[in-house]
Amino acid sequence: MNSEEFRKRGKEMVDYIANYMDTIENRRVTPAIEPGYLKDLVPLEAPQKGEGWDDIMKDVEDKIMPGVTHWQHPRFHAYFPSGNSYPSILGDMLSDGIGCIGFSWAASPACTELETIVLDWIGKMVGLPEDFLSFTENSKGGGVIQGSASECVLVSLLAARAHKIRQLKKQHPFVEEGVLLSKMMAYCSKEAHSCVEKAAMMAFVKMRILEPDENQSLRGSTLQQVMEEDRAMGLIPFYVEATLGTTSCCSFDNLAEIGPVCEEYGAWLHVDGAYAGNSFICPELRGPMKGIEHASSFNFNPNKFMLTNFDCSLMWVKDRFRLTQALVVDPLYLQHSYSEKSIDYRHWGIPLSRRFRALKLWFVIRSFGVEGLQKYIREHCRLAKRFEAHVRKEPSFEVASPVGLGLVCFRLKGTNLINQKLLSSINASGKLHMVPASLNDRYVIRFCVCAQNATDADIDYAWEVITQFAADMKVIMAEELENKEKVEETKENKEEEAQKEAEEGTEEVFQMLDRKNKKSLRYKRSFFVRMVSDPKIYNPKIVRSLPPNGPRRHTTDSEPDSQTFNTPAPTISSWISWPLAFLLQGVFDDLVDEPALPVRFRNWNTTLRLKGTSPSRISERSEKERRSPQRSPSTSPQPDQQSSCCNDVDSHAHRTPPTVRHRCRAHNALHCACDSSKPGAPGSASSPKMNGRI
């Protein structure tokens, strides 16, 4: 493109920009696209040959504009204003045309000196103390243009850190800087911008985030208390960031209280006025600046509230040498012969290369003048008050914080979820664009007057949209509540039915189990009765294995040849079966002269009264046992194993191991189960206690 075509295309571009600004309200404020939309419209490889200008501009309208959020739109009320004006656009155009890189005075003297002058202009416009100005006699202060408020915060933090370390090194020359750094503490409010916390992360310093008061303002008493605590713990307060015009609700920290505390503890006080600082060009709005004389540095962004395009953030310091000592790097190829007489802004910030940004600011100030800029700010404040009045008239809405400038924080009375749904619905429609904030854990909606030429009609339209969506939201919420109640009622009914069915099922199960238990109990009882009355039911083999009239043999593991005892065979006339007769034989022989012993069996509703054996029966059985074969002499115990059973009987040989014992009736003592020549003797086989028992 040559100069002739540039003139032609330049005029076309100016027309395109002017037409865009004039018809911007006809566009949707936010794009209706999804992430990655442009990848399908633009080739992934750069063209090898140049393309025509008309084709490029056609793609701008067809492919780029559908994905643009229009910050200059009269329906855009999110964040803060993005400064814009025709003088600023033209100033940037000229700066881009000149294309200088003003890192030092020698690199472009006009770039450096205009920046110094314009910063002094604006410092005086907002009422900064003379200590912050460059051309005041004996002043060590001055101003510089940075890319953003985030840069200003980071640069001030680095300068404060370097200054404090130099001071500490003088007191503790043999202590490593890393050790000193670990003791240093910075402070800010919970409402401070996120860039403050990010700067602390980048600078490797500790930072305490403090709670503001009910008006979201950081107070001096809060700061002093935590500083005292930290100092008592051996920490060193060195940096405090105060905000004039917080992002969430445009609240103001109390500089008049914070400033003296910072001076007492020797901390660097940086004041961030990114949005609200512009309003200080209006004398009636300078109230929050009270105490600014205690600050070490101060910044605000004309690209937010002074009709200047991004990027343009202004920063002033009270002592520029403290700033440059933290950032100076002076290689030979950047030195020049006027270094002692001039300012080199490459020492005032992080980047080396710097655009001619003072040019657009100069254009704006000269085009609008101080009065024109004041009028613009006051108009935005008036429009914000108009919107606040709309909110206060509607009973279902509330204002969430004091309204001082062009920002109004409001909410629909109700839960945070309702407000979140309201904002999501409005933004999704594309009719308005707003963003939320959190104040005291409450979800609020931020409405900011952003457009340069915003009118009352724009404010009224925005409120109509909000109230319409709120009304629809109420209807939807009422329907959802009604449906929810119906669902819950249906659910409760189903739960009741299910519980009733479960109870019925449980009752049926218990009844079945009860019937089964009763049946099982009857069966057990019946089986037991049959078992004791008919041994064949229990085990028919037992009957077949027993000889009809022969004696029964019992053996022990300790003897190879077990002693044989006579056991009476069960008779047909016996009403109780032989298993119980066998188990109980001889147990109740002591009941000869005593009443019957009642015995109750488990799971058997019958009580047995067992009587002892009659004396005649005992004599008869004893006589039979005397005629039974005796053991061979080889199995008899040795003489040393013999002992007397009782004192009233003669000694006799034991025929059973001494571990087998019985209870003697006469002496009520345990005796060995032995045999003797005397019938009925305590140790004889015919003894009632040895009636077949071992």
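Every value quoted in this text rests on a predicted model; they were computed, and no experiment measured them.

### Description of the overall build of the protein chain
Across its full length, the protein chain carries 18 helices and 17 strands. Counting across all 694 residues of the protein chain, residues that qualify as buried make up 43%. Across the protein chain, the fraction of contacts at a sequence separation of at least 24, relative to all contacts at a separation of at least 6, is 67%. Accessible surface for the protein chain amounts to roughly 38300 Å². Of this, 54% is attributable to carbon and sulfur atoms.

### Some words on the packing of aromatic side chains
Ring pairs (aromatic) are described by centroid distance and by the angle formed between their planes. Scanning the entire structure with this criterion turns up 19 aromatic pairs. Between F298 and F300 the ring centres are 6.0 Å apart and the planes differ by 55 degrees, which places this aromatic pair in the tilted class. For F298, a relative accessible area of 0% corresponds to the buried category. Between F397 and W463 the ring centres are 5.1 Å apart and the planes differ by 65 degrees, which places this aromatic pair in the edge-to-face class. On the criterion of sequence distance, the pair formed by F397 in strand β8 (residues 397-399) and W463 in helix α14 (residues 456-533) is long-range, its members being 66 residues apart. Take W463: its relative accessible area is 9%, and that puts it in the buried class. In textbook terms, an aromatic cluster arises when at least three aromatic residues are bridged by ring pairs, as seen for F387, F397, F410, F447 and W463. The aromatic ring of Y461 is capped on one face by R75, whose charged end is 4.1 Å from the ring centroid.

### A closer look at the sheet that holds strand β7 (residues 313-317)
An order of β1-β7-β6-β5-β4-β2-β3 is seen for the 7 strands of this open sheet, with the pairing classed as mixed. Both edges of this open sheet fall to β1 (142-146) and β3 (206-210), since each of them pairs with a single strand only. On average, adjacent strands in this sheet sit at an angle of 20 degrees to one another, irrespective of strand direction. With 4 bridges joining them, strand β6 (residues 297-300) and β7 adopt antiparallel strand pairing. Looking across to β7, one finds that N299 is bridged to M315. The sheet strands contacting helix α5 (residues 149-171) are β1, β2 (184-189), β4 (236-243), β5 (268-272), β6 and β7, and the helix crosses β4 at an angle near 160 degrees.

### Examining the environment of E115
Position of E115 among the secondary structure elements: in helix α4 (residues 109-126). Given a relative accessible area of 1%, E115 falls into the buried group. Spatially, the C-alpha atoms of E115 and V144 are 7.0 Å apart, while their sequence positions differ by 29 residues. Setting aside its immediate chain neighbours within four residues, E115 contacts V144, I145, Y345, R354 and A358.

### Section: the nonpolar core
Among the nonpolar cores identified, the biggest contains 72 residues, and I122, L223, V240, L314 and W316 are the most heavily contacted of them. It is helix α12 (residues 358-393) that contributes the most residues to this core, 9 residues altogether. Ignoring anything within four residues of it in the chain, the contact list for L314 reads L119, I122, V144, I145, C152, F298, N299, F300, P302 and L361. Counting 34 residues, the second largest nonpolar core, distinct from the first, contains L154, A192, W268 and W348.

### A look at the layout of surface pockets
By volume, the second largest pocket amounts to about 640 Å³. For the second largest pocket, the lining is made up of 21 residues, of which S339, K341, S342, I343 and D344 are closest to its centre. Of all elements in the fold, only α4 and α11 (320-327) reach the threshold of two or more residues within the lining of the second largest pocket. Here the element with the most residues in the lining of the second largest pocket is α4; it accounts for 4 residues.

### A look at the pairing of β7
Within a regular beta strand, the side chains point alternately toward one face of the sheet and then the other, so they alternate between its two faces. Judged by how many residues are buried, β7 sits mostly within the fold: 5 of 5 residues are covered. The side-chain alternation of β7 yields two buried faces, one formed by S313, M315 and V317 and the other by L314 and W316. The sheet contact formed by β1 and β7 spans 5 bridges and is antiparallel. Of the residues in β7, the one forming a bridge with Q146 is S313.

### Topic: the sheet that holds β8
A sheet is described by the order of its strands in space; here 4 strands give the open sequence β8-β9-β11-β10, paired in antiparallel fashion. With partners counted over all chains shown, the strands left at the sheet margins are β8 and β10 (435-439), one partner each. Pairwise comparison of adjacent strand axes, ignoring direction, gives a mean angle of 40 degrees for this sheet. Bridge analysis of β8 against strand β9 (residues 407-412) gives 3 bridges, and the strand direction is antiparallel. Across the sheet, residue F397 finds its bridge partner in β9, namely L412. Together, β8, β9 and β11 (442-448) form the strand contacts of α12, whose direction differs from that of β9 by roughly 15 degrees. The strands that helix α13 (residues 416-429) touches are β8, β9, β10 and β11; relative to β11, the one it contacts most, it runs at about 30 degrees.

### Here we look at α12
The terminal C-alpha atoms of α12, which comprises 36 residues, lie only 45 Å apart, well short of the 52 Å expected from a rise of 1.5 Å per residue. When the local axis directions of α12 are compared, the greatest deviation, roughly 85 degrees, occurs at G369.

Rules and cut-offs
- Throughout this document, residue positions are counted from 1 along each chain, in the order its sequence is written.
- For this predicted model, a pLDDT threshold of at least 70 governs which residues receive local features, and a threshold of 80 or more governs which side-chain atom pairs are given and counted, while totals over whole chains, interfaces and linings are taken from all residues.
- Only hydrogens and water are set aside when side-chain values are computed; all heavy atoms of the structure are taken into account.
- Working definition: helices are DSSP H or I runs of at least four residues, strands are E runs of at least two. Numbering for both runs from the N terminus.
- Per-residue accessibility, obtained with a 1.4 Å probe over protein chains only, is compared with the maximum for each type, and a residue is labelled buried under 20%, exposed over 50%, and partly exposed between these values.
- Contact definition: two residues touch when any of their heavy atoms are within 4.5 Å.
- Values of accessible area rely on a 1.4 Å probe in the Shrake-Rupley scheme; residue burial ignores everything except the protein chains shown.
- Note on aromatic contacts: the rings of Phe and Tyr and the six-membered ring of Trp form a pair at centre separations within 6.5 Å, being stacked when their planes are under 30 degrees apart, edge-to-face when over 60 apart, and tilted otherwise.
- Look at NZ for Lys and CZ for Arg. If either is within 6 Å of the ring centre and within 35 degrees of the ring normal, a charge sits over the ring.
- In this scheme, strands are said to pair when DSSP sees at least two bridges between them.
- Throughout, an axis means a line fitted to C-alpha atoms (over the contacting stretch in the case of helices), and angles, computed between N-to-C directions, take values from 0 to 180 degrees.
- What we call a nonpolar core is a set of buried Ala, Val, Leu, Ile, Met, Phe, Trp, Tyr and Cys residues that are connected through their side-chain atoms within 4.5 Å.
- Points on a 1 Å grid over protein atoms alone make up a cavity when a 1.4 Å probe fits among them but cannot get out, and a pocket when they form an open set with protein on both sides within 12 Å along at least five of seven lines; lining residues each have an atom within 4 Å of a point.
- Grid points are joined across faces, edges and corners, and a volume is the space filled by probe spheres set on the points.
- Multiplying 1.5 Å by the helix residue count minus one yields the expected span of that helix.
- For a residue, the bend is simply the angle between two axes, fitted respectively to the seven-residue segment ending there and the seven-residue segment starting there.

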